[in-house]
Structure formats: C-alpha cells, structure tokens
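The residues making up each chain are set out below.
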Amino acid sequence: MTTTAPAAPPREKPYRTRGSADIMKPSLGGLIAKYAMLLVILAIMVFPFLWQLSTSFKGASENIYDFPPTLIPQDPTLGNFAEVFRTIPVLDYAWHSLLVGVGTVLTNVVFATFGGYALGTMKFRGKWVVLAIIFSTLLLPGEVTLTSQYLTVKSLGLANTLWGVFLPGAIGAINVLLMMAACRMIPSDTLDAATIDGANTMQRLRHIVWPNVRGMVSVVALFAFIGAWDDFLWPLVVLSDPAKYTLTVGMEYLSSNFAANPRVIAAGTMIALVPIIVLFAVLQKQFFKGVEEGSVKG
C-alpha cells in the first residue's frame, strides 16, 4: 500500500490580497511603492561611494566625469593607492588614529556606563540639573566650544599631542544618554532585590546591569570609534607637527597636493574608509541587537 506525501501548504504572499482582513500586510501597490522608494534611497546613499571606489581604480587615461558614469574601470590599476603610500606615511597616521579611537572607545564605554547607571536607576538631588546640562551640550555645535577646548588642552600642556586629540572625546553626552535609556529598562525591583541581598554598587553593575546593557555598549563603542576615526577639525586644530597627524588630517595633504588628480584623492578616501567598513561588518549583529534589546534576560 503506497501513501502519498501531504501537499505542501501554499506559500503566503507578502502583500494583502483583495478581500483579505490582514491589515498588517501592504497592498500590492503599496508593496511595489515601498520597494521602489527603498531602491531610490539606496541609489542616493550608495552611488557616491561606488563612484569614489571606481575612481580610485581608474587610470589617467580614463575620464572619470563621463555621463552616464561608468563604475567599472576599463583599465583598473593600483597605482593611485601606491601614490598615496608614497606621498604620506599612511601606516603611521592610521596607527595614531587607531590609538585615539581605541582610547575613546574604552573611556566612553566605562564612563558612559557609570553615568548612565547613575542617571537611569539612582535617585539623588540635582539629577534633573545634571540632565539639563548634558542635554544643553547636545544643542551646541562643536565649533562653538572649539576655542575653549583648545585653550583648556593648551593650558594642560597637551597641545600638539595625541592626548590632546583624545581628551575632548573621552566621554560623549549622547553616549551617556544612550546608556541611561538602556539602564532604565532594567526593572527597579531587580536592583532593589540585589541591594537587599547585600550587593554593593559594583556588584550590581557587574552582575545585573552589565549583562543587560552589553548590546547598547556595542552601539556606544561603534559610535565612539567612528567619531574618533573620522574626526578632522579637532585634530587639525590641535596638531601642528605633521609627524603626529591622524589619518584624516594626513589625507587632507592629498587634497592640497593632488587637487588636479582626484583619482589619488579617491584612493586615499578609500584607505581611510576601509577600517570603518570592516568594523561595522564585524559588529553589525551586535549593533542591531543593541538597538533592539531592552528587556532583562532570564
């Protein structure tokens, strides 16, 4: 006696069919419009990067301003990248940027966690005054405080040093607020129970707070590193010795010396951008997990 396999259930359509009561799905026209809009936004955001990447591989005989633009080089070459390495000490500048970036990540993670825990879970007099001050710093553009920051760094004897580049970014107000939001998602009953059981502040941070904010910590770390790596104006103001330049400031030398050859400038831009792309590709799961999570793990 032979048995026939049960028929596979029909595949569910991603859009709402006529007469369907499932309002959570878009109509067919709405679905098409959504994907069309996503493609337009993707083209606007990604095309400049692709054009810059293509330009960095094009030789001197190719016209980079063709219309419509050609994104695939006809005669690809690595000569533009070699010219960048011959012109500036890329590895030294990248090492300086890495030192500043790693230091910024460490201090932001530690201090933002402490500050976020205090503001998000503790009650103390003057808490709203502290929050108002932190919020007010977000309203001021960086150029407004540039002079005062430089005078402070100079008075500390840190001008023209990597310490001077690192210090103003050691803790970011937005990172404190992000960690505060993450800490506020932890039920107060859990922290109160730990306090009754005799846990001190550091034990609560280690065993309760930290396991539940690690996702947000990855967000803070990624933002802090990207901000430190891409910063241009502040290192340009603080550093006067070319031997101490960070990578972004060093790349500006290409713009001033190779203005007539945008291919070399594009190659330098790609060199500076590669570490950020690699870092985000590695941490993207933790990044999106940190954005989404907010409940206490069992």
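Residues numbered from 1 in each chain as written. Predicted model: local features only at pLDDT ≥ 70, side-chain atom pairs only at ≥ 80, totals over all residues. Heavy atoms only, no water.

The final tally for this structure, using the stated rule, is four aromatic pairs. Aromatic side chains Phe57 and Phe81 sit 5.1 Å apart centroid to centroid with 50° between the ring planes, which places their arrangement in the tilted category. With a gap of 24 residues between them, Phe57 in helix H1 (residues 28-57) and Phe81 in helix H2 (residues 79-87) connect regions that are remote in the sequence. Taken together, a centroid distance of 6.1 Å and an interplanar angle of 50° make the contact between Tyr93 and Tyr245 tilted. You can see Tyr93 sitting in helix H3 (residues 90-121) and its partner Tyr245 sitting in the loop between helix H10 (233-238) and helix H11 (247-257), a full 152 residues away along the chain. (Phe/Tyr/Trp six-rings, centres within 6.5 Å; stacked < 30°, edge-to-face > 60°. Helix = DSSP H or I, 4+ residues; strand = E, 2+ residues; numbered from the N terminus.)

Take the confidence of the model for the protein next. In this model, the protein carries a mean pLDDT of 79, and residues with pLDDT of at least 70 account for 84%. Every residue in residues 294-298 is under pLDDT 50, and counting partners more than four places away or in other chains gives eight contacts. (pLDDT = per-residue confidence, 0-100. Contact = heavy atoms within 4.5 Å.)

Below, the discussion takes up the pattern of salt bridges. Taken as a whole, this structure holds one salt bridge when the rule is applied. Close ionic contact of Arg86 with Glu83 constitutes a salt bridge, the shortest N to O distance being 2.6 Å. Residue Arg86 and its partner Glu83 are located together in helix H2, separated by three residues, close to a single helical turn. On the accessibility criterion, Arg86 (61% relative accessible area) is exposed. (Salt bridge = Lys/Arg side-chain N within 4 Å of Asp/Glu carboxyl O. Buried < 20%, exposed > 50% of the residue type's maximum accessible area, 1.4 Å probe, protein only.)

Residue placement: Lys127 occurs in helix H4 (residues 127-139). For Lys127, a relative accessible area of 16% corresponds to the buried category. At a separation of 2.9 Å, a polar atom in the side chain of Lys127 contacts the main-chain carbonyl oxygen of Leu119. Filtering out sequence-adjacent residues up to four positions away, Lys127 remains in contact with Leu119 and Met122. (Polar contact = N/O pair within 3.5 Å; in protein donor to acceptor, adjacent residues only side chain to side chain.)

What follows is about a nonpolar patch on the surface. Side chains of Met37, Leu39, Val40, Ile41, Leu42, Ile44, Met45, Val46, Phe47, Leu50, Leu71 and Ile72 sit close together on the surface and give an oily, nonpolar patch of about 1200 Å² of accessible area. Within the fold, Leu71 resides in the loop between H1 and H2. Accessibility expressed as a relative area gives 34% for Leu71, which makes it partly exposed. (Patch = residues over 30% accessible without salt bridge, like charges linked within 9 Å, V, L, I, M, F, W, Y side chains within 5 Å. Areas by Shrake-Rupley, 256 points an atom, 1.4 Å probe, with all protein chains shown as cover.)

Once that is clear, we can look at unusual backbone geometry. Positive phi, normally seen in glycine, also occurs at Asn160, with a value near 65°. For Asn160, the position within the fold is in the loop between helix H5 (146-155) and helix H6 (162-166).

Helix length check: helix H9 (residues 201-230), at 30 residues, gives a terminal C-alpha distance of 35 Å against a target of 44 Å (1.5 Å per residue), a shortfall beyond 12%. Approximately 60° is the largest bend angle found in H9, and it occurs at Trp210, with the proline Pro211 only one to four residues beyond. (Expected span 1.5 Å × (residues − 1). Bend = angle between axes of the 7 residues up to and from the residue.)

Here we come to H2. Every buried residue of H2 is listed here: Asn80, Phe81 and Val84. The arc that holds the buried residues of H2, viewed along the axis, is 100°, so those residues lie on one side. (Arc of directions from axis to C-beta.)

Now for the environment of Ala272. Turning to its location among the elements, Ala272 is positioned in helix H12 (residues 262-292). With relative accessibility at 13%, the residue Ala272 sits in the buried group. In sequence terms Ala272 and Ala94 are 178 residues apart; their C-alpha atoms lie 8.1 Å from each other. When sequence neighbours within four positions are dropped, the list of residues in contact with Ala272 reads Trp229, Leu247 and Met251.

Structurally, Ser97 is set in helix H3. The buried category is assigned to Ser97, whose relative accessible area is 2%. Separated by 149 residues in the primary sequence, Ser97 and Thr246 have C-alpha atoms spaced 5.0 Å apart. In this structure Ser97 touches Trp229, Thr246 and Leu247, once residues within four positions along its chain are discounted. Within the local environment of Ser97, its side chain forms a polar contact with the backbone nitrogen of Leu247, the two atoms lying 2.8 Å apart.

Next up on the list: the packing of helix H8 (residues 188-196) against H9. Two quantities define a packed helix pair, namely the angle between the helix axes and the distance between the axes. The interhelical angle for the contact between H8 and H9, taken along N-to-C directions, is 145°, at an axis separation of 11 Å. Two packed elements cross with a definite hand, and for H8 against H9 that hand is right-handed. Contacts between H8 and H9 involve Thr190, Leu191, Ala194 and Thr195 on the former and, on the latter, Arg204, Ile208 and Val209. Its residues assigned to classes, the contact of H8 with H9 comprises four nonpolar, two polar and one charged. (Axes fitted to C-alpha atoms, helices over the stretch in contact; angles between N-to-C directions. Left-handed = near helix turned anticlockwise from the far one by under 90°. Nonpolar A, V, L, I, M, F, W, Y, C, P; charged D, E, K, R; others polar.)

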